[in-house]
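Chain by chain, the residues:
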Amino acid sequence: MTKLVIIGNGFDIQNRLPTSYRDFHSKYNARLCGSLEYFPDFFDDQEWSYFEENLGNFDEDNFRENSACEPSMDDMIESSKYVNGYNDEIAEKVRELVGGVHDAFGAWVRGIDVTKASKFMTFPKDCKFINFNYTETLQKVYSIPNENVLHIHGKSRINIIFGHGLGDGNKAASRSFDENEPWFEEASQSLASVTDELYKPVPQILNDNRGVLESYDDISKIIVIGHSINEIDIPYFKHILATYPSATWENWNYDAGIKESHDKILNLGVAKSKLSSLCSSQLGAYYP
């Protein structure tokens, strides 16, 4: 009987790795503060606990006003170069903004040294893993074979996928034409593309990995370790539950997060009789 282990960021944190968004904030706040001022939700959460979710709310108007000087009507009548120059400048500033966020996040992930992890448990035999982390802690610290680990959002040096889950990632394409300012249509499309570029395409990711997710044989138990089960990740959990409906569930979380994660798993449709939730500080004793 195979066990399916779902790994969240709490696992790496319990291994004493600096993988919380608080760590990211500490290292990259100064570098990104100029860019993130255009994402209003960050002002409500200075520790970046909801870093990815906050990227879904972009203040286009404020960014437009601070990024380029809009040409006057007289200038535009005189020459189209003023319109083209403005549109090009907005597009360039958008590339700098989005590129800066991607570069900082990627550099942070790649800079996490998993060899400094403090191993605290031993996994049972016959486990398959779905890893929501980008690190290779499982492989390099726990000696789990690569073929047994699905990095659902990529891993540190390969295809890091992060972002918000608002909308469908096609805001720019679906934006309607502004009849009042048709000359600034390119700038408008560029601004709309910011949240598209910072979108995590969960439906596509789920579809791309459907074959692997449905290939695990005879899953008897699903073990969730250190996962907050955010709204954006719910489709993965629903698919796993639908694919392996007879499995029992173990939910391991830090003390303050046990009840919330327990309730979220129940809301997925897992029967109370099939779910146990325990404090992750006991993992080492439970799986020595």
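Okay, so let's go over this structure. (Residues numbered from 1 in each chain as written. Predicted model: local features only at pLDDT ≥ 70, side-chain atom pairs only at ≥ 80, totals over all residues. Heavy atoms only, no water.)

Points about the sheet that holds strand S2 (residues 127-131)
Next, step 1: Pairing in this open sheet of six strands is parallel, and the strands run S3-S2-S1-S4-S5-S6 from one edge to the other. The open sheet is flanked by strand S3 (149-151) and strand S6 (275-279), the only strands paired with a single partner. Each adjacent strand pair in this sheet contributes to an overall mean axis angle of 15°, direction not counted.
Next, step 2: With three bridges joining them, S2 and S3 adopt parallel strand pairing. Along S3, the bridge assignment pairs Asn131 with His151. (Pairing = 2+ DSSP bridges. Helix = DSSP H or I, 4+ residues; strand = E, 2+ residues; numbered from the N terminus. Axes fitted to C-alpha atoms, helices over the stretch in contact; angles between N-to-C directions.)

With respect to the packing of aromatic side chains
Next, step 1: Summed over the entire model, instances satisfying the criterion amount to 31 aromatic pairs.
Next, step 2: With 5.5 Å between their ring centres and 55° between their planes, Phe24 and Tyr28 make a pair best called tilted. Highlighted residues: Phe24 and Tyr28, both in helix H2 (residues 21-36), separated by four residues, approximately one helical turn. Neither residue differs from the other here; Phe24 and Tyr28 are each classed as buried.
Next, step 3: Relative to Phe105, the ring of Phe24 has its centre 5.6 Å away and its plane inclined at 90°; by these criteria the two rings are edge-to-face. In this pair, Phe24 is assigned in helix H2 and Phe105 in helix H6 (residues 81-110), connecting sequence segments 81 residues apart. (Phe/Tyr/Trp six-rings, centres within 6.5 Å; stacked < 30°, edge-to-face > 60°. Buried < 20%, exposed > 50% of the residue type's maximum accessible area, 1.4 Å probe, protein only.)

Remarks on the nonpolar core
Next, step 1: Ranked by size, the top nonpolar core spans 53 residues in total, and within it Phe24, Phe51, Phe123 and Ile225 carry the most contacts.
Next, step 2: Once residues within four sequence positions are removed from consideration, Phe24 is found in contact with Asn29, Leu32, Trp48, Phe51, Ala104, Phe105 and Trp108.
Next, step 3: In terms of nonpolar packing, the next biggest core, distinct from the first, is built from 29 residues, Leu4, Leu150, Leu213 and Ile265 among them. (Core = buried A, V, L, I, M, F, W, Y, C linked by side-chain atoms within 4.5 Å. Contact = heavy atoms within 4.5 Å.)

Structural notes on the side chain of His164
Next, step 1: By the element assignment, His164 lies in the loop between S3 and helix H8 (171-174).
Next, step 2: On the basis of relative accessible area, His164 is assigned to the buried category, the value being 3%.
Next, step 3: For His164, the side chain forms a polar contact with the main-chain oxygen of Thr195, separated by 2.7 Å.
Next, step 4: Apart from residues no more than four positions distant in its own chain, His164 is found in contact with Glu52, Glu53, Leu55, Gly56, Thr195, Leu198, Tyr199, Lys200 and Ile232. (Polar contact = N/O pair within 3.5 Å; in protein donor to acceptor, adjacent residues only side chain to side chain.)

Focus: the pattern of salt bridges
Next, step 1: For the structure on display, the rule yields nine salt bridges.
Next, step 2: Arg95 serves as the salt-bridge partner of Glu92, at 2.8 Å between the closest nitrogen and oxygen. Of this pair, Glu92 and Arg95 both sit in helix H6, three residues apart, which is roughly one turn of that helix.
Next, step 3: Across the salt bridge formed by Lys259 and Asp263, the nearest N and O atoms sit 2.8 Å from each other. Note that Lys259 and Asp263 are positioned in helix H13 (residues 258-268) at a spacing of four residues, about one turn of the helix.
Next, step 4: Each of Glu136, Lys140 and Lys155 takes part in a single network of salt bridges with overlapping partners. (Salt bridge = Lys/Arg side-chain N within 4 Å of Asp/Glu carboxyl O.)

Focus: the pairing of S2
Next, step 1: Burial within S2 is extensive, with four of its five residues counted as buried.
Next, step 2: Here strand S1 (residues 2-7) runs beside S2; their pairing, made up of five bridges, is parallel. Residue pairing across strands places Ile7 opposite Asn131, the latter belonging to S2.
Next, step 3: Between the parallel elements S2 and S3, the chain passes through helix H7 (residues 137-142) in a crossover that is right-handed. (Right-handed = clockwise from strand over helix to strand, strands pointing away.)

Here's the deal with the environment of Ser49
Next, step 1: With respect to the secondary-structure elements, Ser49 resides in the loop between H2 and helix H3 (51-54).
Next, step 2: Classification of Ser49 by relative accessible area gives partly exposed; the value is 39%.
Next, step 3: Sequence separation between Ser49 and Arg22 is 27 residues, and the spatial gap between their C-alpha atoms is 6.8 Å.

Brief notes about the packing of H6 against helix H9 (residues 185-197)
Relative orientation and spacing of two packed helices are given, respectively, by the angle between their axes and the distance between those axes.
Next, step 1: For the pair H6 and H9, the least separation of the axes is 8 Å and the interaxial angle reads 10°. As judged from the angle between their axes, H6 and H9 are roughly parallel. Judged by residue contacts, Tyr86, Asn87, Ile90, Ala91, Val94, Leu97, Val98 and His102 of H6 engage Glu186, Ala187, Ser190, Leu191, Ser193, Val194 and Glu197 from H9.
Next, step 2: Residue composition of the contact of H6 with H9, grouped by class: nine nonpolar, four polar and two charged. (Parallel < 35°, antiparallel > 145°, perpendicular 65-115°, else oblique. Nonpolar A, V, L, I, M, F, W, Y, C, P; charged D, E, K, R; others polar.)

Concerning the pairing of strand S5 (residues 248-253)
Successive side chains on a regular strand alternate, one facing one side of the sheet and the next facing the other.
Next, step 1: Within S5, five of the six residues are buried, which leaves it mostly tucked inside the rest of the structure.
Next, step 2: In the sheet, strand S4 (residues 219-225) pairs with S5 via five bridges, with the strands oriented parallel. Note that in S5 the partner of Ile222 across the bridge is Trp249.
Next, step 3: Taken together, the five bridges between S5 and S6 define a ladder with parallel strand orientation. Bridge pairing in S6 links Asn253 to Cys279.
Next, step 4: Crossover handedness for the path S5 to H13 to S6: right-handed.

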